[in-house]
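The chain contents come next:
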Amino acid sequence: MTEKKYTWHKIADNITALDFGDNNIAVAAWKGKKVCIGKYNEGLFAFAYKCPHAGGILAEGYIDALGHVVCPLHRYKYSIQNGRNVSGEGYYLKHWRVEQRENGVFVGMEESSGLFS
Ligand code: FES
């Protein structure tokens, strides 16, 4: 099995630079591409800014008690940890790893996974 390679992108100087509002979802950007940063159970998770169903703005949705990102448009739900569409419609939410380091907050993309969208 080959080891996954990640490219890390700094999206904030530190966590306090991110505005999580009252739904625990912040919006960050890297090279003009937006990405959602969600807080759940003390962890940070990155996921697509727009819903894979019909483009609902996920930053305007919420994270439920089970760690599902709920889209504000048609209420489809996605696991914040693995992107699976847990409400059963068959979609998949792009998601990425997040690391807090001394010098900032970074989002890691597998080299084959493409940019945020
Ligand atoms: S656009 Fe998100 S559920 Fe339809």
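These figures come from a predicted structure and were not determined experimentally. (Residues numbered from 1 in each chain as written. Predicted model: local features only at pLDDT ≥ 70, side-chain atom pairs only at ≥ 80, totals over all residues.)

Trainee: Give me the lowdown on the sheet that holds strand E1 (residues 6-12), citing residues and values where you can.
Mentor: Taking strand neighbours across the sheet as the criterion, the six strands line up as E1-E9-E8-E4-E3-E2 in an open arrangement whose pairing is antiparallel. Strand pairing shows two members of the sheet lacking a second neighbour, E1 and strand E2 (25-30), which therefore form its edges. Each strand axis lies, on average, 35° off the axis of its neighbour in the sheet, ignoring direction. Note: E1 against strand E9 (residues 104-110), six bridges, orientation antiparallel. Counterpart to alanine 12 in the pairing with E9 is valine 105. (Pairing = 2+ DSSP bridges. Helix = DSSP H or I, 4+ residues; strand = E, 2+ residues; numbered from the N terminus. Axes fitted to C-alpha atoms, helices over the stretch in contact; angles between N-to-C directions.)

Trainee: Could you give an account of the environment of valine 35, with specific residues and numbers?
Mentor: Along the polypeptide, valine 35 turns up in strand E3 (residues 33-40). Given 26 C-beta atoms within a 10 Å radius, valine 35 is considered buried. It is 15 Å that separates the C-alpha atoms of valine 35 and alanine 17, two residues lying 18 residues apart in sequence. (Buried ≥ 20, exposed ≤ 12 C-beta atoms within 10 Å, placed from the backbone.)

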